[in-house]
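Spelled out from the first residue to the last, the chains are:
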Amino acid sequence: MNTTAKTNHIGRKISRIRELRGMKQETLAEELGISQQSVSTIEQSETLEDEKLEKVAEILGVTKEAIENFSEEQVINYFNTFNEKVSSSNFGHNNTCTFNPLDKLMETVEENKKLYERLIQVEQEKITYLEKLLNNK
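Residues numbered from 1 in each chain as written. Predicted model: local features only at pLDDT ≥ 70, side-chain atom pairs only at ≥ 80, totals over all residues. Heavy atoms only, no water.

As a further point, take the overall build of the protein chain. Tallying secondary structure elements over the protein chain gives 8 helices and 0 strands in all. For the protein chain, the N- to C-terminal ordering of α and β elements is α-α-α-α-α-α-α-α. Out of the 137 residues belonging to the protein chain, those deemed buried represent 19%. Long-range contacts, defined as pairs at least 24 residues apart, comprise 59% of the intrachain contacts of the protein chain with a sequence gap of at least 6. As displayed, the protein chain offers around 11100 Å² of accessible surface, 52% of which is attributable to carbon and sulfur atoms. (Helix = DSSP H or I, 4+ residues; strand = E, 2+ residues; numbered from the N terminus. Buried < 20%, exposed > 50% of the residue type's maximum accessible area, 1.4 Å probe, protein only. Contact = heavy atoms within 4.5 Å. Areas by Shrake-Rupley, 256 points an atom, 1.4 Å probe, with all protein chains shown as cover.)

Restricting attention to buried positions, one finds in helix 2 (residues 10–20) the residues Ile10, Gly11, Lys13, Ile14, Ser15, Ile17 and Arg18. Positive phi shows up at Gly22, right after helix 2, with a value of about 75 degrees.

All right, on to the pattern of salt bridges then. In total, this model carries 5 salt bridges according to the counting rule given. Of the charged contacts, one joins Asp50 and Lys64 as a salt bridge, the two residues approaching to 3.6 Å between their closest N and O atoms. Residue Asp50 is located in helix 5 (residues 50–60), and its partner Lys64 is located in helix 6 (residues 64–68); the two are separated by 14 residues in the primary sequence. On the accessibility criterion, Lys64 (17% relative accessible area) is buried. (Salt bridge = Lys/Arg side-chain N within 4 Å of Asp/Glu carboxyl O.)

On to a nonpolar patch on the surface, then. Residues Leu102, Leu105, Met106 and Val109 make up a contiguous nonpolar surface patch of roughly 370 Å² in combined accessible area. For Leu105, the location among the structural elements is in helix 8 (residues 101–135). The class for Leu105 is partly exposed, based on a relative accessible area of 48%. (Patch = residues over 30% accessible without salt bridge, like charges linked within 9 Å, V, L, I, M, F, W, Y side chains within 5 Å.)

Another point: the nonpolar core. Membership of the largest hydrophobic core comes to 17 residues, with the highest contact counts inside it found for Ile14, Leu48, Val56, Leu60 and Ile67. Elements with a contribution of two residues or more to this core: helix 2, helix 3 (25–32), helix 4 (36–44) and helix 5. If near-sequence neighbours (up to four positions away) are discounted, Ile14 is found in contact with Leu28, Ile42, Glu43, Leu48, Leu53, Val56, Leu60 and Ile67. (Core = buried A, V, L, I, M, F, W, Y, C linked by side-chain atoms within 4.5 Å.)

Pasting the structure below:
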C-alpha cells in the first residue's frame, strides 16, 4: 500500500477537519448547496478541483493550503505544545499576587466600618425626625 497516497488524500483531510470543527456532513452539504451523499463522495476522493476545495476550505474556516497540508501528527504536536505552554505559564497553582491580600482585607473592613457608621447616622436622623413629628402633634 502506498502511504504517500494516503497522506495526500484530500477527502480524508476534509473529513478530519470537518470532524475537528464539530460539523456534520449534512451541514457542510447544506453550506455547499449539495447533497450529503455528494459530501461523502468528496470525502472519499483523493483529489478535488481547486475551486471546490477553496469553497470547502472557506466553509470549514481554513485555507485551501491548510487542507492540503493537514496532518494528524501536526494536530497532535500542536495540542501537546499548547498543553506544555499552558502548564508552564501562570495558570493554576503558579499564580503570584501583585498585592498583599491582608491589606485588601483591611481596606474592605475599613470600608464596611464607614458604611455601618453612616447607616447608624442615617437611622439616628430618622429617629430624631420622627420624634419631632410626634412632639408637634
